[in-house]
Number of protein chains: 2
Amino acid sequence: MSESIDLLLTGGTVVTMDASRRVLVDGAVAVRGREIVAVGSSQEFQSRYQAQETIDCSGCAIIPGLINGHAHVPMSLLRGMVADQQLDVWLFGYMFPVESQFVDAEFCYTGTLLSCAEMIRGGTTTFVDMYYFEEQVARAAAESGMRAICGQTVMRLPTPDAASFDEGLERARRFILEWHGHERVVPTIAPHAPYTCTDRIYREASAICAEYGVPLVTHLSETAREVEESIAQREVTPIRYAKRVGAFDVPCIAAHCVHATEDDLRLLREAGAGAVPCPTSNLKLASGVAPYRRMIEAGLKVGLGTDGPASNDDQDMFTEIQLAALLPKGISGDPTAVPAREAFALATISGARAIHMDHLVGSLEPGKRADITVVGLGRLHSAPRYTYSSDAVYSHLAYSARAADVRDVLVDGKLLLRDGNLLTLDEHDILARSQQIAAGINTFLASRERNLMAKILALGGVQQDEIFEIQVKAKLDQRAETVLAELFSNPAVQITKSSERTQYDTYFLFADGERVRIREDHRSDPGARPEPKYTITLISEGRRGEYPHAILLSRARYTAPADHTVRFYREYFQPDRMVEREKSRRRWRIIYKEHDFAVNVDTLAGADPGPYLEIKSRTWSRRDANTRAGLIGELLALAGVTDEALVKQEYVDIG
Amino acid sequence: MSESIDLLLTGGTVVTMDASRRVLVDGAVAVRGREIVAVGSSQEFQSRYQAQETIDCSGCAIIPGLINGHAHVPMSLLRGMVADQQLDVWLFGYMFPVESQFVDAEFCYTGTLLSCAEMIRGGTTTFVDMYYFEEQVARAAAESGMRAICGQTVMRLPTPDAASFDEGLERARRFILEWHGHERVVPTIAPHAPYTCTDRIYREASAICAEYGVPLVTHLSETAREVEESIAQREVTPIRYAKRVGAFDVPCIAAHCVHATEDDLRLLREAGAGAVPCPTSNLKLASGVAPYRRMIEAGLKVGLGTDGPASNDDQDMFTEIQLAALLPKGISGDPTAVPAREAFALATISGARAIHMDHLVGSLEPGKRADITVVGLGRLHSAPRYTYSSDAVYSHLAYSARAADVRDVLVDGKLLLRDGNLLTLDEHDILARSQQIAAGINTFLASRERNLMAKILALGGVQQDEIFEIQVKAKLDQRAETVLAELFSNPAVQITKSSERTQYDTYFLFADGERVRIREDHRSDPGARPEPKYTITLISEGRRGEYPHAILLSRARYTAPADHTVRFYREYFQPDRMVEREKSRRRWRIIYKEHDFAVNVDTLAGADPGPYLEIKSRTWSRRDANTRAGLIGELLALAGVTDEALVKQEYVDIG
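Parameters and conventions
- Residues numbered from 1 in each chain as written.
- Chains lettered and ligands numbered in written order.
- Predicted model: local features only at pLDDT ≥ 70, side-chain atom pairs only at ≥ 80, totals over all residues.
- Heavy atoms only, no water.
- Contact = heavy atoms within 4.5 Å.
- Buried area = accessible area lost by both parts, 1.4 Å probe.
- Salt bridge = Lys/Arg side-chain N within 4 Å of Asp/Glu carboxyl O.
- Polar contact = N/O pair within 3.5 Å; in protein donor to acceptor, adjacent residues only side chain to side chain.
- Helix = DSSP H or I, 4+ residues; strand = E, 2+ residues; numbered from the N terminus.
- Phe/Tyr/Trp six-rings, centres within 6.5 Å; stacked < 30°, edge-to-face > 60°.
- Buried < 20%, exposed > 50% of the residue type's maximum accessible area, 1.4 Å probe, protein only.
- Pairing = 2+ DSSP bridges.
- Axes fitted to C-alpha atoms, helices over the stretch in contact; angles between N-to-C directions.
- Parallel < 35°, antiparallel > 145°, perpendicular 65-115°, else oblique.
- Left-handed = near helix turned anticlockwise from the far one by under 90°.
- Nonpolar A, V, L, I, M, F, W, Y, C, P; charged D, E, K, R; others polar.
- Expected span 1.5 Å × (residues − 1).
- Least-squares fit on C-alpha atoms with pLDDT ≥ 70 in both.
- Core = buried A, V, L, I, M, F, W, Y, C linked by side-chain atoms within 4.5 Å.
- Domains from an automatic or database assignment.

## Focus: the interface of chain B and chain A
Listed per partner, the contact involves 71 residues of chain B and 71 residues of chain A. Of the roughly 5,400 Å² buried between chain B and chain A on both sides combined, carbon and sulfur atoms contribute 59%. Contact with chain A buries area across many residues of chain B, yet L380, Y386 and Y388 of chain B alone supply 17% of it, more than any other trio. Across the contact surface, chain B and chain A share 6 salt bridges. With a closest N to O distance of 2.3 Å, D314 of chain A and R402 of chain B form a salt bridge. Our count for the chain B to chain A interface comes out at 30 residue pairs in polar contact (both at pLDDT 80 or more). At the level of elements, α2 (87-102), α3 (105-121), α10 (279-284), α12 (317-332), α15 (392-400) and α16 (427-449) of chain B are the ones that each hand at least two residues to the side of chain B that touches chain A.

## Quick notes on the packing of aromatic side chains
All names here are of chain A. For the structure shown, the criterion picks out 26 aromatic pairs over all chains. Consider the rings of F568 and Y572, whose centres lie 5.6 Å apart with planes at 20 degrees: the pair is stacked. Of this pair, F568 and Y572 both sit in helix α19 (residues 566-573), 4 residues apart, which is roughly one turn of the helix. Judged on exposure class, the residue F568 and its partner Y572 are both buried.

## Details of the pairing of strand β11 (residues 252-256) of chain B
When a strand is regular, its side chains alternate between the sheet's two faces. All names here are of chain B. Most of β11 is tucked away: 5 of the 5 residues are buried. Relative to β11, strand β10 (residues 216-220) runs parallel, the two sharing 5 bridges. For L216, the partnering residue across the bridge sits in β11 and is C252. Looking at chain direction, β11 and strand β12 (residues 274-276) are connected through 3 bridges and run parallel. Residue pairing in the sheet places A254 in a bridge with A275 of β12.

## A closer look at helix α4 (residues 134-144) of chain A
Along an α-helix, residues three or four apart share an orientation, since each turn contains 3.6 residues. Of all the 11 residues making up α4 of chain A, 9 are buried; the element is thus mostly covered by neighbouring parts of the structure. Structurally, α4 of chain A contributes buried residues whose contacts are with α3 (105-121), β7 (124-131), β8 (147-154), α5 (165-179), β9 (185-191) and β16 (414-418) of chain A.

## So, the packing of helix α2 (residues 87-102) of chain A against α19 of chain A
Residues and elements named next belong to chain A. Relative orientation of the contacting elements α2 and α19 amounts to 60 degrees, with a least axis distance of 9 Å. With respect to α19, the element α2 is oriented oblique. The handedness of the crossing between α2 and α19 comes out as right-handed. Where α2 approaches α19, its residues D88, V89, F92, G93 and Y94 are matched on the opposing element by R567, F568, E571 and Y572. Each residue belonging to the contact of α2 with α19 can be placed in one class, and the counts come to 5 nonpolar, 1 polar and 3 charged.

## Examining the side chain of R147 of chain B
Residues and elements named next belong to chain B. Its location among the elements puts R147 in strand β8 (residues 147-154). You can call R147 buried: its relative accessible area is 1%. Here D412 takes part through its side chain, which lies 2.5 Å from a polar atom of the side chain of R147. If we ignore the near neighbours within four places in the chain, the residues touching R147 are T125, T126, F127, E183, R184, M357, L360, V361, R369, D371, V411 and D412.

## Describing α3 of chain A
Taking 1.5 Å as the rise per residue, α3 of chain A with 17 residues should run 24 Å; its terminal C-alpha atoms sit 24 Å apart, in good agreement. In terms of burial, α3 of chain A is a largely internal element, 14 of the 17 residues being buried.

## Some thoughts on the relation of the copies chain B and chain A
You can overlay chain B on chain A at an RMSD of 0.2 Å; the transform is a turn of 180 degrees with a shift of 0.0 Å along its axis. On this basis, the relationship between the two copies can be described by a two-fold rotation axis. Of every C-alpha in chain B, the one belonging to A404 of chain B sits nearest the axis of rotation, 3.3 Å from it.

## Looking at the sheet that holds β7 of chain A
Within a sheet, each strand pairs with its neighbour through backbone hydrogen bonds, oriented either parallel or antiparallel. All names here are of chain A. Sheet architecture is open: 4 strands sit in the order β6-β7-β8-β9, paired in parallel fashion. The open sheet has two edge strands, β6 (66-71) and β9, and neither has a second partner. Here the average twist between neighbouring strands, direction ignored, is 15 degrees. Pairing of β6 with β7, which is carried by 4 bridges, proceeds in the parallel orientation. Counted as the bridge partner of L66 is T124 from β7. Sheet strands in contact with α3 are β6 and β7, and its direction is about 150 degrees off that of β7. With respect to the sheet, helix α12 (residues 317-332) is in contact with β6 and β7, its orientation differing from that of β6 by roughly 85 degrees.

## A look at the environment of Y241 of chain A
Residue and element names in this part refer to chain A. Mapped onto the elements, Y241 comes out in helix α8 (residues 238-244). Remark: the alpha-carbon pair of Y241 and P291, spanning 50 residues in sequence, is separated by 20 Å. Discounting chain neighbours no more than four positions away, the residues touching Y241 are P194, T198, D199, Y202, R234 and V236. A polar contact is formed between the side chain of Y241 and the side chain of D199, at a distance of 2.6 Å.

## So, the nonpolar core
With 300 residues, the main nonpolar core has M81 of chain A together with M81 of chain B as its most contacted residues. Setting aside chain neighbours within four positions, we find M81 of chain B in contact with Y386 and Y388 of chain A together with Y94, M95, V98, I441 and L445 of chain B. Y547, A550, A625 and L636 of chain A belong to the second-largest nonpolar core, a separate cluster that totals 33 residues.

## Observations regarding the domain arrangement of chain A
Residue and element names in this part refer to chain A. Segmenting chain A into domains produces domain 1 (66-433) and domain 2 (458-653). Placing a centre on the C-alpha atoms of domain 1 and another on those of domain 2 gives a separation of 53 Å. Each partner contributes to the interface: domain 1 provides 8 residues, whereas domain 2 provides 9 residues. Across the domain 1 to domain 2 interface the summed buried area is about 670 Å²; carbon plus sulfur atoms make up 56%. Its largest share of buried area at the contact with domain 2, domain 1 owes to D88, V89 and F92, together 50% of the area lost on that side. At the boundary of domain 1 and domain 2, one finds 0 salt bridges. Counting across the interface, domain 1 meets domain 2 through 0 residue pairs in polar contact (both at pLDDT 80 or more). Residues that form the side of domain 1 that touches domain 2 fall into these classes: 4 nonpolar, 3 polar and 1 charged.

## Observations regarding the pairing of strand β5 (residues 60-64) of chain B
Residues and elements named next belong to chain B. Within β5, 5 of the 5 residues are buried, leaving the element largely enclosed by the surrounding structure. The pairing of strand β1 (residues 3-15) with β5 spans 2 bridges and is classified as parallel. Paired with V14 across the two strands is I62, which belongs to β5. Bridge analysis of β5 against strand β14 (residues 372-376) gives 5 bridges, and the strand direction is antiparallel. Bridge pairing in β14 links I63 to T373.

This is the structure in structure tokens:
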């Protein structure tokens, strides 16, 4: 009498990833309901079981469904949006402005559907997420049929779905309450990282995880800088800090751990915490290469993740397996560093341990859930097949197999992909909806890219000003003190303020004539503010007018504090040319005939130092500008400056 | 009047890779005969040209056919055969034995067909090869329709196709004569590497290249060790050596250059030599990461290669592009190190320069050959598409695109792949023939893996011996000198030789009882050979017999000089357990009743030092063994050793 089952996979090379790493050539897997009933020989099973459905897997490997241990799945919609930038330009110039404007419930739902479709096609059956509007991620994951741990992000900064972290914690709690008990989706909370969280966020997140018996998801030690700053600020590494604030009191899934120290590895092991490096993302964001071999040797629960598609750019676990096998070899100089079998384990049984799900998934064993991937072997890029050693199949899986080779995928015994066709998701519809959202972002970025003003505004937190500047410049040579004495001795001229400063100006020049100036202003007079002041100014396309005596009218369209480094702005604005100028400035604010003016005496560093006299005034009114231009002509006369001394060029053009 | 052409590709994003890196959204490429006639807008071209055939490329990128700048294409047949081994185990334990036994004309022809099929499917249109039986590589490449530079390997060691390098040079010359002038296949010579060649090989190869106007293909500075040894032996780096022996007197294609120094980079640039790192292979063989950014900055002609599929394991240029973009970021900590566009250039226009073919291929420009790849964008793993910046398409191509996304491929205006179908090659037949060859190798390796003897023999250059050893062992404690005096004072015992030595033995123990011993033998008596002697011995499965007085018969099945390190043998044999023993040995060769015996007095390092007396003899005859066993009994009596002192254990089991 043969036993009745729902599904029989036969004729494939079964890669069990069980404790003895059994590989069965011409093997079979029997599935009943959501569970694996048995793993054995094809021939034997064909007589032992009476299956509702039999899938012939000849020429294929039958492997445990792959586990993506760290992702931000809705970010698939930002894939390819921007790349190859420094982290701050990437984050402050693109990710934050776009996320704050576009990330909403619909974005997260659609982005997750796109990611699930991609992951299923690539043989991934389980993923761990951390993003916003996590209930939408959960909803899409549930619809797709995948298994997921969904972590609602909490941080101390405002996020697209929470104005404060109190709100974020509350949101996470509601989300967990709503989804708790779902058969495939585990709702949880994800304190973003030590550098974006407070002690309280971690402690409360840990308490919530303990209360609901769910794992805590977080980022730890992704970059060297993060570790350095943590040590500088808290005297401990991010991993030791995480332990201190309770993150390891519950099962923890720690993404990245690229810069984990030996002590950190010990802490992670003792805590039974999962470490989940993301090979591609860690390279692309220049974070480095995680110590894979040491992690494995130290007995850690190690997984692999894709990270968000904005920094990868795909969600292809075969690529991550390949990199986990290749990178440690190339970095260490030891070609045996992480063998194919161990790299493959990181995305299966070891990855299951890292996300605290190895009781359910990660290997093909009786009693475990039927999360199974069938992947074609012996294709053009993976032929021929060697079978003399059971290790050969791992070599094929780690080095030759591609996401596109995946043929069938099951989760909980249910087929999500069959012969390359998605059964739970409408690929065409998802692609169309994704492109529609991307089109809006594309328009936003396109208009911004064409417009320096918009690029400055996109950085956020600033107001657009529009003012006229009237100015005149004269080269004084040796006569500076005489000129000043003439001017200031006149009773109509009243000095209201004076100062001394050194200014370092960086000009970004653009082909269309626009200029951006970054100024670092150091007060050098005693008692003045010691810290320099940074401003960014967008200077209009050329002069807007000229008065007698070379008095110029220009329009400074925008000035704001410059919060970022010159390097940041340079990479963000990508100017055609860059010029640096240094000058010492003596400045007086004066009142003349009820109008205020600035009088500068500037000495430039370099070939043509001056000194130069500048008289300037600003106004919101074009008519007022005309009045002030006349008054500047009078002041020039009072100072005894003749027209021959006048200079029309700006400092950026001198020397 | 519209102009008549053969083929019009329309509606795609044309990535020209011309000098200004023009990207045309909704662009078109017009092809007549084997050349590109024009590149422009779809709308305009549809009215301007009357095409025999129009291919709609909407939703796709139209890119220059990819250039694989370094490969050993017949080695696709060895893909997945062995991985994750140290270079010497990989090379001496697997590659050399298999190549010497299996690589012939048929192997090279079939392997090349398999590789060409894979490469065409992956969007590669040109490859540079270096292998044996290169006329077969040329033949298969010609049949496939691909463009290729085929380099006949020459080295000072015997190869599968040449017993000496003179023969190799002659073979290369014949090959070039035969194929010279082919429209797509450039035949040339490939001196393997400085460490496997002589000055004369390089000089003659260079002369042949000059004579026929073909590029010289070679490996340079692949590993740090190669550079160190070159400096130790020749006082120059491999790259400077290559220049010295004429390799740069002709256009040179230098594979790898992973460990090129700044001086080397200057030499390569001055020579206009192409540098072709192989990102995956360099990682997998633990060679390291080439200085991609420095190479680009230094103005070198830089390409990318897959290297042989035995060390990759595929021939997927999209993977290499991705790694060339990712690795420099992760290694340097600078996420702008090699942007997507520059990485993509390495496989197109820059790669074309590196192989000295940029007058023909590498960009989509009028007058160049119509070597074109059409690759789908906006698939699940590459959606959505951003177009606000023309750089976005490079990001898609470098980070998201996969070989499996390639839809159409043309070389010289001829379609080789159309809608994913190979037009020039029979995929099914190639896979079957490839698997047939692999099956033979598989059988060879399978029988070898089951048999220690076969594994030793597979290392080559040795003879199988089979001898019986008769031996007895006794623990002497403090009586050693007394015993020896008794024995040697007997007039029937004649000493013929004596020596003193220290022996370091490493035993590999296997579950089935077999043992392999690696012995390092140092003579310590004055005037003896100073260099140690290394031997490897396979010891039979257990004792084969026992005589009175604990005299044992064993069969030493095999002894040979050990040319490799203990580490090599350990990784090659993969024993279940390893034991190390050190002993001081005084040895006498004696004649007793016309039979020769060895008498050893051994003192072990460790807990149970002895000393031990051993009396041994060897013979080819089982009957003679009986005689000698009797004589050993007599010698024991002469020495006054009683049965209580006898020890049956071998040294590996003592202490």
